[in-house]
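These are the residues of each chain, in order.
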Amino acid sequence: MLRIRHEVDGGPEGLVAEEAAVPAPRDGELLVRVEAIGVTLPTVRRLWDSREPVTLGGEIAGRVVATGPGVTEFSAGDRVTGLCFTDAYAEFAVLDTAMASRVPDDATAVDAVALVRSGLVARGVHEAARVEPGESVLVTAAASGVGTLALQFARAGGAGRVVAAVGSAAKADFVRSLGADEVVRYQDLDGSGPYDAILDGVGGELLPTAVRALATGGRLVAYSSGGGTVEAYELLLRGASLTGFQIRAVATGRPALYARWREELWQQRAAGVLRPAVHAAIPLAEAARAHAVITGRRNLGKVILVP
């Protein structure tokens, strides 16, 4: 099978294509013939300046071809999606059943990868921000896979003002089409508020600026892998709060809630409430090109690899 792996000195983006043996599923695992793979910013970021090879994990979707010992809830032929922590960039991958969910008959593998993982994060961030009808919401990284769905959750939840923060004005029409009332560039964020809730998928140097844009009593939820430092005084000044969100904590700590959210995502898609956006479906062998799209912040929606 074709597999993409990371080497520190492995050419563009450090990615190398190779032939590899098809893996065997172990206890509680599924062997999936992969049809779509989601490229995420956290995975791309881990490659930057890494001195060791990085495992290429990611969201996958495809059809089960074999099950490991002890698996009873899935069988060969089932269509599934989920987060694969090892060697996701491949024609076949192993998926833990705890991370797997079924894909409806009317959805493609690309639909599943664009909707489920990003949608779970967007839903969780929206819930953590406790957004009330009529409030103002700022979504950073608004053109990303998560950001596009976070905009739609804010709109569907009755937010009175939904603002999309992006790095380039060229993305303005795109994020407006997904529910943004206004668009602001990161360099213009100061003075654009105040916002009752900020959903931050950028972090880093933008985080302090975002905190200054909070309204009195505002809530900022940070879910980016970009880190960032905040002065406690800025939160005290506004009586505001900052919450860190990680979807894996929900998956492992509250599995029933995680499963319910997954089912509701498909229902909201079927009802037209959520519309996952796909930037491009790029051949697996061209994974370096997909990473370059993310690195250059050119994506409008989810970047997906297709074996």
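Not measured: the values here are computed from a predicted model.

What about the nonpolar core?
Stage number 1. The biggest cluster of nonpolar side chains holds 83 residues, and the ones touching the most others in it are I60, Y89, L151 and L305.
Stage number 2. Among the elements that take part in this core, helix α2 (residues 109–128) stands out by supplying 10 residues, more than any other.
Stage number 3. With 19 residues, the next largest nonpolar core counts A165, V184, L207 and L214 among its residues.

Regarding the sheet that holds strand β12 (residues 214–222)
Stage number 1. The strand order β10-β9-β8-β11-β12-β13 describes an open sheet built from 6 strands, whose pairing is parallel. Each edge of the sheet is formed by a strand with only one pairing partner; in this case those strands are β10 (182–185) and β13 (241–244). On average, adjacent strands in this sheet sit at an angle of 20° to one another, irrespective of strand direction.
Stage number 2. Of the pairings in the sheet, the one linking strand β8 (residues 136–139) to strand β11 (residues 195–200) comprises 3 bridges and is parallel in character. Bridge pairing in β11 places L138 opposite I198.

A closer look at the side chain of T81
Stage number 1. Positionally, T81 belongs in strand β5 (residues 79–84).
Stage number 2. For T81, a relative accessible area of 2% puts it in the buried group.
Stage number 3. Within the structure, T81 has its side chain in polar contact with the backbone oxygen of I60 (distance 2.8 Å).
Stage number 4. Discounting chain neighbours no more than four positions away, the residues touching T81 are I60, A61, L95, M99, A100, S101, V103, A112, V113 and V116.

Points about the pairing of strand β3 (residues 29–39)
Stage number 1. Of all 11 residues in β3, 9 are buried, a share of seventy percent or more.
Stage number 2. Across 5 bridges, the pairing between β3 and strand β6 (residues 92–96) is antiparallel. Among the inter-strand pairings, V32 is bridged to a residue of β6, identified as A93.
Stage number 3. Here β3 pairs with strand β4 (residues 58–67) via 7 bridges, running antiparallel. Paired with R33 across the two strands is R63, which belongs to β4.
Stage number 4. As defined by bridge partners, β3 adjoins strand β15 (residues 302–306) across 3 bridges and the pair is classed as antiparallel. Within the sheet, the bridge partner assigned to V39 lies in β15 and is V303.

Things to note about helix α3 (residues 145–156)
Stage number 1. An ideal rise of 1.5 Å per residue puts 16 Å on 12 residues; α3 measures up with 17 Å between its terminal C-alpha atoms.
Stage number 2. By the criterion of burial, α3 is predominantly enclosed, with 10 of the 12 residues buried.
Stage number 3. Within the sequence span of α3, burial applies to G145, V146, G147, T148, L149, A150, L151, Q152, F153 and A154.

A closer look at unusual backbone geometry
Stage number 1. In this structure, P194 follows G193 across a cis peptide bond, with omega equal to 5°.
Stage number 2. Backbone geometry places A141, a non-glycine residue, at a positive phi of 50°.
Stage number 3. Among the secondary structure elements, A141 is positioned in the loop between β8 and α3.
Stage number 4. Relative accessible area serves as the criterion here: at 16%, A141 is assigned to the buried category.
Stage number 5. Notably, R297 is not glycine yet its phi reads approximately 55°, a positive angle.
Stage number 6. You can see R297 is positioned in the loop between α9 (287–295) and β15.
Stage number 7. Judged by its relative accessible area of 37%, R297 is partly exposed.

Re the environment of L138
Stage number 1. With respect to the element layout, L138 can be found in strand β8.
Stage number 2. Counting along the chain gives 27 residues from L138 to A165, while the straight-line C-alpha distance between them is 7.0 Å.

Criteria and thresholds
- Residues numbered from 1 in each chain as written.
- Predicted model: local features only at pLDDT ≥ 70, side-chain atom pairs only at ≥ 80, totals over all residues.
- Heavy atoms only, no water.
- Core = buried A, V, L, I, M, F, W, Y, C linked by side-chain atoms within 4.5 Å.
- Buried < 20%, exposed > 50% of the residue type's maximum accessible area, 1.4 Å probe, protein only.
- Helix = DSSP H or I, 4+ residues; strand = E, 2+ residues; numbered from the N terminus.
- Pairing = 2+ DSSP bridges.
- Axes fitted to C-alpha atoms, helices over the stretch in contact; angles between N-to-C directions.
- Polar contact = N/O pair within 3.5 Å; in protein donor to acceptor, adjacent residues only side chain to side chain.
- Contact = heavy atoms within 4.5 Å.
- Expected span 1.5 Å × (residues − 1).

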